Structure formats: C-alpha cells, structure tokens
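Chains, contacts and geometry: an overview
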Amino acid sequence: MAQHPLAALEKLNRAFQAKSATISAMIEASAMTVEQLQVLRIEENYNKIFYEAEKKVTFLDLVPIELPRIRRLPRKITGDGSAHHSPTARDYYRSQYFEFVDTIIEHLTTRFNADNNELRQYLALENMITSGKIDNSVINFYPKISAQRLEFQLTMFKGTTKAVSLKGAKDA
C-alpha cells in the first residue's frame, strides 16, 4: 500500500501534540516530514494511490472516478485561446495531488523554518531553560522579568533537578 501524504501529516500532528514536545523537536519533526513528502512527490506514488482508489471504488460498487464537469470560461477571460482540459481522470487528479503535496511542503517549510523570528524566540527560551544560561536578547522582550533573579533561579533549578531536557525540567 502506498503511503499517503495525510499519513505523514498525522504522524507530525501526533509529534506536535505529545506531552514531551519541544520547539527544537517540532522543527526537526517538520523537517523530517518535508523529506518524507518530497519522496512521496513522485509519479509512482501517485499511480499507486490512484490505483488503490480505483480498486476500492470497484470493491464497494461505487460510481467510477470520472473527470469533473468541464466549465467553459467566458471569452473575455480566456481570449482566443482554449483552456486546458485533462483527457483522463487520472491526469486531472495527478495535478491536484502534486499541488496538494507542494502546498504542504511549502507551508511546513515556511512555518517551521529556523529563521522564523517568532519560532527563534521560543527556541531561545527553550535553550535558556535547558542550559540555565541567561540570554539577554530574550529577556529584553519581557520587561517585568529581572535578569538577575531569573539567572539565580535557573541556576538553582538546574542544580536541584539535573534536567537536561525541557521534558525533564517540566517533570521536575
């Protein structure tokens, strides 16, 4: 059975919602999912998925997969040229499949890019908690937090819990 893009997204969703999820793990998981999706972005995978869909349609005695109704656009929009129409349902849904996979890859790459300013700030907070070292560029965003007190508290917390991960710090 061919792996579907939604299966990769479901795994990513479970990883994001785990109790032990961290920002760094989310970035890593999204990068791995993008790699999986790029592998799924091949013609052979699409053909397997379409073949499985056709088999299920036959098995369940459903209406066969067909091309959607062809819309005729007004001449003022199309001009003298004719609109492209896929000759078969397989060809029509192929473009839909690749557009779907490309959209997922683009959004994951954009949203979980380490250069994302908001994500970088959360990552810096995570690193500050796990390392016990104050990052003044992060503290400046929170004017009510005293850097000296936080440094003392992080040092004391790190010494008493021996936590090396955010999950360990959270469980302590």
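Everything in this summary refers to the structure shown in the same document. (Residues numbered from 1 in each chain as written. Predicted model: local features only at pLDDT ≥ 70, side-chain atom pairs only at ≥ 80, totals over all residues. Heavy atoms only, no water.)

**Examining the pattern of salt bridges**
The criterion, for reference: Between Lys or Arg on one side and Asp or Glu on the other, a salt bridge is scored when a side-chain nitrogen of the former is within 4 Å of a carboxyl oxygen of the latter. By definition, any uninterrupted DSSP run of H or I lasting at least four residues is a helix, any uninterrupted run of E lasting at least two residues is a strand, and each is numbered from the N terminus. Exposure is judged per residue with a 1.4 Å probe applied to protein chains only, and the accessible area is read against the type maximum: over 50% gives exposed, under 20% gives buried, and values in between give partly exposed.
Under the counting rule described, the total for this entry stands at six salt bridges. Where E10 meets R14, a salt bridge forms, and the shortest distance between an N and an O atom there is 3.9 Å. One end of the pair is E10 and the other is R14, both in helix α1 (residues 5-17) and four residues apart, which spans about a single turn. Among the salt bridges present, the one from R94 reaches E43, with a minimum N-O distance of 2.3 Å. Here E43 lies in helix α3 (residues 43-59) and R94 lies in helix α5 (residues 89-111), a separation of 51 residues in the sequence. With relative accessibility at 34%, the residue E43 sits in the partly exposed group. It is possible to trace a salt-bridge network through shared partners that takes in E43, D91 and R94.

**Considering the packing of aromatic side chains**
Operational definition: Ring geometry is summarised as follows: Phe, Tyr and Trp rings, the Trp one being its six-membered ring, pair when their centres sit within 6.5 Å, and such pairs are stacked at plane angles under 30 degrees, edge-to-face over 60 and tilted between the two.
According to the stated counting rule, one finds six aromatic pairs in the structure shown. Centre to centre, the rings of F16 and F112 are 4.9 Å apart; their planes meet at 55 degrees, and the pair counts as tilted. Of this pair, F16 sits in helix α1 while F112 sits in the loop between α5 and α6 (117-131); the two residues are 96 residues apart in sequence, bridging distant segments of the chain. Of the two residues examined, F16 and F112, each falls in the buried class. An angle of 40 degrees between the planes, with centres 6.3 Å apart, marks the rings of Y46 and F98 as tilted. On the criterion of sequence distance, the pair formed by Y46 in helix α3 and F98 in helix α5 is long-range, its members being 52 residues apart.

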